[in-house]
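Close look at the chain arrangement
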Amino acid sequence: PYTTFIKIIVNNAPPAIITTNGSELCFGEYLYLNVPFSINFDYLWSSNDPSFNGQTSSVYVSPATPGIYSYFVIVTDTATGCADTSLPFIVTVHPT
């Protein structure tokens, strides 16, 4: 009988933790949402804010109307194919 050894490599998922300088703003103000940057990462942001579009590690948020908006990002490590999705980040936009 032969014994076969298999080497299994477990890759860590990239960090998908959103950071910013606040979560409330007045209409017309803005903030940036950030996740850790790597040249090997792809970023796909999503939101219920129809004016929002983002595919980088740092995105500009300035909703077109007052309301409560949820943002999240999927970060994919292009070297390993591993991905992680952030928790939703809630932004409240107050009328001026």
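Keep in mind it's a predicted model, so treat the numbers as computed, not measured. (Residues numbered from 1 in each chain as written. Predicted model: local features only at pLDDT ≥ 70, side-chain atom pairs only at ≥ 80, totals over all residues. Heavy atoms only, no water.)

A word on the nonpolar core. Core analysis: the largest hydrophobic core is formed by 19 residues, its most contacted members being Leu33 and Trp45. Put simply, the parts of the chain that give this core at least two residues each are β2 (31-34), β3 (41-47), β4 (58-61), β5 (67-77) and β7 (89-94). With four residues, the single largest contributor to this core is β5. In this structure, Leu33 is in contact with Ile18, Thr19, Thr20, Trp45, Ser57, Ser58, Val59, Val61, Tyr71 and Phe89, ignoring residues within four places of it in sequence. (Core = buried A, V, L, I, M, F, W, Y, C linked by side-chain atoms within 4.5 Å. Buried < 20%, exposed > 50% of the residue type's maximum accessible area, 1.4 Å probe, protein only. Helix = DSSP H or I, 4+ residues; strand = E, 2+ residues; numbered from the N terminus. Contact = heavy atoms within 4.5 Å.)

Moving on, we come to the side chain of Asp77. Structurally, the position occupied by Asp77 is in strand β5. Buried and unpaired, Asp77 has Lys7 as its nearest opposite-charge partner, separated by 17 Å. Setting aside anything within four residues of it in sequence, one finds Asp77 in contact with Pro14, Asn40, Phe41 and Cys82. (Lys, Arg positive; Asp, Glu negative; His and termini not counted. Salt bridge = Lys/Arg side-chain N within 4 Å of Asp/Glu carboxyl O.)

Before going further, it helps to examine the confidence of the model for the chain. Taken as a whole, the chain shows an average pLDDT of 93; of its residues, 100% reach a score of 70 or greater. Mean pLDDT across the elements of the chain ranges from a minimum in β4, with 92, to a maximum in strand β6 (residues 83-85), with 97. (pLDDT = per-residue confidence, 0-100.)

With that settled, consider the packing of aromatic side chains. A full pass over the atoms with the stated rule returns six aromatic pairs. Ring centres of Phe41 and Tyr43 lie 6.4 Å apart, and the angle between their planes is 70°; on these two criteria the pair is classed as edge-to-face. On the basis of relative accessible area, Phe41 is assigned to the buried category, the value being 14%. Classification of Tyr43 by relative accessible area gives buried; the value is 8%. (Phe/Tyr/Trp six-rings, centres within 6.5 Å; stacked < 30°, edge-to-face > 60°.)

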